[in-house]
Amino acid sequence: MADETEPAHDPQDLERFLVTRQRAGDLDGMVALYEPGAIIDSGDGLTEGKDSIRTFFAEIIASGRKFQLGEQRAAVVSGDLALTSTRFPDGSISAEVARRQGDGTWLWVIDRFSNS
């Protein structure tokens, strides 16, 4: 398993890193998976930018809720963009857009977060 601070070298790593870091209470590691201007659509409105994303995830961690691993679909990659998605045991689906960074790592830009 990857180190909690390891960057995503493949867009497929992002979801697993998010779940692993959330379960470990690693707020900084979770926020590090997003670009500075990233947006999360949580179903309860948009969360925009790293400061807001930090607050959003801090509240989830504080609630004691643990993210579940689901069935990750193969990423659809076009150049420096990738569409990632996961189907969770309850049938809900997340969808994300990741962008390849200048150093070859991947960060999410848009995250359609599953609240289930």
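Owing to the predicted nature of the structure, the values given are computational and were not obtained by experimental measurement. All residue numbers here refer to positions counted from 1 along the written sequence of the relevant chain. With pLDDT at 70 or above as the cut-off, local features in this predicted model cover only qualifying residues; side-chain atom pairs require 80 or more to be listed or tallied, and sums for whole chains, interfaces and linings still use all residues. Just so you know, side-chain values use all the structure's heavy atoms and leave hydrogens and water out.

Points about the pattern of salt bridges
- Salt bridges are defined by distance alone: a side-chain nitrogen of Lys or Arg within 4 Å of a carboxyl oxygen of Asp or Glu. All chains considered together, the criterion is met by 5 salt bridges.
- Residue R112 is joined to D41 by a salt bridge in which the shortest nitrogen-to-oxygen separation is 3.1 Å. Taken together, the positions of R112 in strand β7 (residues 106–112) and D41 in strand β1 (residues 34–41) put the pair 71 residues apart, joining distant regions of the chain.
- Type-normalised accessible area, obtained with a 1.4 Å probe on protein chains alone, sets the label of each residue: buried when under 20%, exposed when over 50%, and partly exposed for intermediate values. Given the relative accessible area of 52%, R112 is considered exposed.
- The shortest N-O distance in the salt bridge between R100 and D80 comes to 2.9 Å. With a gap of 20 residues between them, R100 in strand β6 (residues 93–100) and D80 in the loop between β4 (76–78) and β5 (81–87) connect regions that are remote in the sequence. Helical segments are the DSSP runs of H or I of at least four residues, strand segments are the runs of E of at least two, and each set is numbered from the N terminus.

Side note on the side chain of S85
- On the secondary structure map, S85 appears in strand β5.
- Accessibility expressed as a relative area gives 17% for S85, which makes it buried.
- Setting aside anything within four residues of it in sequence, one finds S85 in contact with E71, Q72, R73, I93, S94, A95 and E96. Contacts were defined at the residue level, with two residues in contact if any of their heavy atoms lie within 4.5 Å.

Points about the nonpolar core
- Core analysis: the largest hydrophobic core is formed by 22 residues, its most contacted members being L18, Y34, F57 and F67.
- Residue contacts for L18: discarding those within four places in its chain leaves M30, L33, Y34, F57, F67 and W108. Among the buried residues, those of types Ala, Val, Leu, Ile, Met, Phe, Trp, Tyr and Cys that are joined through side-chain atoms within 4.5 Å form a nonpolar core.

Quick notes on helix α1 (residues 13–23)
- Counting buried residues along α1, 8 of its 11 residues qualify, which places the element largely inside the surrounding structure.
- By the burial criterion, the buried members of α1 are D13, L14, E15, F17, L18, V19, R21 and Q22.
- Note on α1: the residue one or two positions beyond its end, G25, has a positive phi of about 75°.

Focus on the packing of aromatic side chains
- Only centres within 6.5 Å qualify two rings of Phe, Tyr or Trp (six-membered ring in Trp) as a pair; their planes then separate them into stacked at under 30 degrees, edge-to-face at over 60, and tilted for everything else. Enumeration over the complete set of coordinates arrives at 4 aromatic pairs.
- Between Y34 and F57 the ring centres are 5.9 Å apart and the planes differ by 45°, which places this aromatic pair in the tilted class. With Y34 in strand β1 and F57 in helix α3 (residues 50–63), this pair connects stretches of sequence that are 23 residues apart.
- Its relative accessible area of 0% is what places F57 among the buried residues.
- Consider the rings of F57 and F67, whose centres lie 6.3 Å apart with planes at 70°: the pair is edge-to-face. With F57 in helix α3 and F67 in the loop between α3 and β3 (71–72), this residue pair connects regions lying 10 residues apart in the sequence.
- Overall, the relative accessible area of 6% leaves F67 in the buried class.
- Linked through ring pairs, Y34, F56, F57, F67 and W108 together constitute an aromatic cluster.

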